Amino acid sequence: LTGVLDDCLCDIESIDDFNTFKIFPKIQKLQERDYFRYYKVNLKRPCPFWADDGHCSIKDCHVEPCPESKIPVGIKAGSSNKYSKVANNSKELEDCEQANKLGAINSTLSNQSKEAFIDWARYDDSQDHFCELDGKMFKLFQSVCFICCLLKNTKLNAVIQTCITEMSRHIHFNTLFPVFSLSSVCLLSWTGLCLEKRVFYKLISGLHASINLHLCANYLLEETWGKPRWGPNVKEFTRRFDPLETKGEGPRRLKNLYFLYLIELRALSKVAPYFERSVVDLYTGNGHEDAESKALLLDIFRDTKSFHMHFDEKSMFAGDKKGAKSLKEEFRLHFKNISRIMDCVGCDKCRLWGKLQTQGLGTALKILFSEKEIQSLPENSPSKGFQLTRQEIVALVNAFGR
């Protein structure tokens, strides 16, 4: 691949050089830090689009949950959107709750009122997300150590392709986007599409290309006497991306992967002020490691800001205020629908990585369309206007790493 990408003033060679020599070595190190190695995921949610016919039974599809004893105390005990030792300290939380009770005019609330407040808060929180969140069903969650969960192509790769084919039959973008097949993501009818629609297609295509590339790079080549041999499958890569094999679509799919990279890179540069505040310290319970993790993250932010060919998200939703807001909301809801598809993947390992990368992209979009809120963040206290949960932070960094 060579040349300039569509819809942005950036060439592929510049992205390759920037990633290879600046970003990739550092993002690899960051992914190995404890804060970014653990992810809570609900692998038991039913598929919302068609009847679920069971999960993959092959051992390579299975996700092994991390033992409770191995999870860092700050991650295991902390609230999903708390980052500091102070915020995770239960004694201080108890003191705060006690002070609220003593200072309140009327501390008695009916159960009905409490449930209503919870519903309101849940609704308010949901308005800011671009992907389906797993909620607070902690009993169903499994804490997964990323360092052990490499995405590999098992013999049931056909299950994934069948699922993708089913998606194209069930998912329709009624008013904003025409029906498209996610299995090929042909994108042949782009003529006349507005920027927002093109961006949506490219992001989904880039996400699909990323997953396919990882499957091709770590493929089950053969299994003899119970000893599997994994490695790159050039033939499979050619089938999915070669210009002749794909009728010219392969290179465009790979370019969409570069476009996805640019979107997530832009999000990292935009969210830097959120993490530069002293109130955020990536708390795991190990003070020395937490300090090193934040220093490395801030170093990566400095590199992302130095990139001179960022995608300009300001050109999106730039019409009249009412129309732009409506279009942005449709964009958000359609992407949220895509994220729900991951509950239909039969292979647990693929479902895990699908959820991770989808939530990472959703977090990137959330950041890009919250620039004003990020710029007005208070330095020494949590913000009500813009927040990221630990799940979103972990998903964003690991999705970009993929």
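Residues numbered from 1 in each chain as written. Predicted model: local features only at pLDDT ≥ 70, side-chain atom pairs only at ≥ 80, totals over all residues. Heavy atoms only, no water.

**Student:** I'm lost on the side chain of Arg240 in this one. Help?
**Tutor:** Position of Arg240 among the secondary structure elements: in helix α9 (residues 234-241). Of the polar contacts made by the side chain of Arg240, one reaches the side chain of Glu236; its length is 2.8 Å. (Helix = DSSP H or I, 4+ residues; strand = E, 2+ residues; numbered from the N terminus. Polar contact = N/O pair within 3.5 Å; in protein donor to acceptor, adjacent residues only side chain to side chain.)

**Student:** What exactly am I supposed to notice about the pairing of strand β3 (residues 219-224) here?
**Tutor:** Looking along a regular strand, one sees side chains alternate from face to face of the sheet. As judged from the five bridges shared by β3 and strand β4 (residues 227-231), these two strands associate in the antiparallel manner. Each residue of the ladder has a partner; that of Thr224, found in β4, is Lys227. (Pairing = 2+ DSSP bridges.)

**Student:** Looking at this structure, how should I read helix α1 (residues 12-31)?
**Tutor:** Along an α-helix, residues three or four apart share an orientation, since each turn contains 3.6 residues. Under the 1.5 Å per step criterion, the end-to-end length of α1 is only 25 Å for 20 residues, more than 12% shorter than the ideal 28 Å. Considering bend angle alone, the principal kink of α1 is centred on Ile23 and spans about 50°; proline Pro25 follows within four residues of it. For α1, the complete set of buried residues consists of Ile12, Ser14, Ile15, Phe18, Ile23, Ile27, Leu30 and Gln31. Summarising the contacts, the buried residues of α1 are in contact with α2 (34-37), α10 (250-276), α11 (287-306) and α15 (390-401). (Expected span 1.5 Å × (residues − 1). Bend = angle between axes of the 7 residues up to and from the residue. Buried < 20%, exposed > 50% of the residue type's maximum accessible area, 1.4 Å probe, protein only. Contact = heavy atoms within 4.5 Å.)

**Student:** Just checking my understanding: could you explain the UniProt feature "active site" (unreviewed entry) in the protein for this structure?
**Tutor:** Here the UniProt-annotated "active site" (unreviewed entry) positions come out as Cys347 and Cys350. Here Cys347 is to be found in the loop between α12 (321-340) and α13 (348-368). Take Cys347: its relative accessible area is 4%, and that puts it in the buried class. What makes Cys350 buried here is its relative accessible area of 11%. (UniProt positions renumbered as here; feature names shortened; annotations may be inferred.)

**Student:** Is there a simple way to explain the pattern of salt bridges in this structure?
**Tutor:** Oppositely charged side chains can pair when the atoms bearing their charge come close. Counted by the stated rule, this structure contains 14 salt bridges. We note a salt bridge from Asp299 to Lys26, for which the minimum N-O separation is 3.0 Å. Separated by 273 residues along the polypeptide, Asp299 in helix α11 and Lys26 in helix α1 bring together distant segments of the chain. One salt bridge connects Lys355 with Asp343, and the closest N-O pair in it is separated by 2.8 Å. In this pair, Lys355 sits in helix α13 while Asp343 sits in the loop between α12 and α13, placing the two residues 12 residues apart along the sequence. Of the two residues, Lys355 and Asp343, neither departs from the other in class, the shared state being buried. A network of salt bridges, in which partner residues are shared, links Lys26, Asp299, Arg302 and Asp303. (Salt bridge = Lys/Arg side-chain N within 4 Å of Asp/Glu carboxyl O.)

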